[in-house]
Amino acid sequence: IRDLVRSRGLGDVYKRQDGYYRLIHGVCVNIIHVTGTSIEMTDASCADHDCIAQGIVTLENKDTREGGSYIICQQNFVTLRLCTRAELEAEGIVLQ
């Protein structure tokens, strides 16, 4: 399982290992937590924290939750997406 992070100024970032990651771009900061089966926005410098309130995306809930496989921080221009290797490969993205 991998997550794809898209953000203004950072491009696509693939997180392959479990852990907490800090995404910094300009004055915007987002903290994400990645596990083998989930992603979550745990902290953000945005004013309303709607991205944190979107909750955790897991392999089990990504097809049924309101946001699908995405967590979006509109104010900081960050999009998290939980996807499998097969889903990435179907989109033409091959990870080494």
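Residues numbered from 1 in each chain as written. Predicted model: local features only at pLDDT ≥ 70, side-chain atom pairs only at ≥ 80, totals over all residues. Heavy atoms only, no water.

A. Region of the structure containing the sheet that holds strand 3 (residues 19-25). The strand order across the open sheet formed by four strands is 3-4-5-6, and the pairing between neighbours is antiparallel. Single-partner strands in this sheet number two, and they are strand 3 and strand 6 (57-58). Where strand 3 and strand 4 (residues 28-34) come together, seven bridges link them in antiparallel fashion. Residue Tyr21 lies in a different strand from strand 4, and its bridge partner there is Ile32. (Pairing = 2+ DSSP bridges. Helix = DSSP H or I, 4+ residues; strand = E, 2+ residues; numbered from the N terminus.)

B. Geometry of the side chain of Ser38. Inspection of the secondary structure puts Ser38 in strand 5 (residues 38-44). Taking the relative accessible area as the measure of exposure, Ser38 reaches 6% and is therefore buried. Here Thr35 takes part through its side chain, which lies 2.6 Å from a polar atom of the side chain of Ser38. In this structure Ser38 touches His33, Ile56, Val57, Thr58 and Leu82, once residues within four positions along its chain are discounted. (Buried < 20%, exposed > 50% of the residue type's maximum accessible area, 1.4 Å probe, protein only. Polar contact = N/O pair within 3.5 Å; in protein donor to acceptor, adjacent residues only side chain to side chain. Contact = heavy atoms within 4.5 Å.)

C. How the structure looks around the pattern of salt bridges. Applying the stated rule across the entire model yields two salt bridges. For Glu87, the salt bridge identified is with Lys62, shortest N-O distance 2.6 Å. You can see Glu87 sitting in helix 2 (residues 85-90) and its partner Lys62 sitting in the loop between strand 6 and strand 7 (70-73), a full 25 residues away along the chain. For Glu91, the salt bridge goes to Arg81, with nearest N and O atoms at 2.4 Å. A residue pair is termed long-range when its members are at least 10 positions apart, and Glu91 in the segment after helix 2 and Arg81 in strand 8 (residues 78-83) qualify at 10 residues. Since its relative accessible area comes to 43%, Glu91 is described here as partly exposed. Classification of Arg81 by relative accessible area gives buried; the value is 10%. (Salt bridge = Lys/Arg side-chain N within 4 Å of Asp/Glu carboxyl O.)

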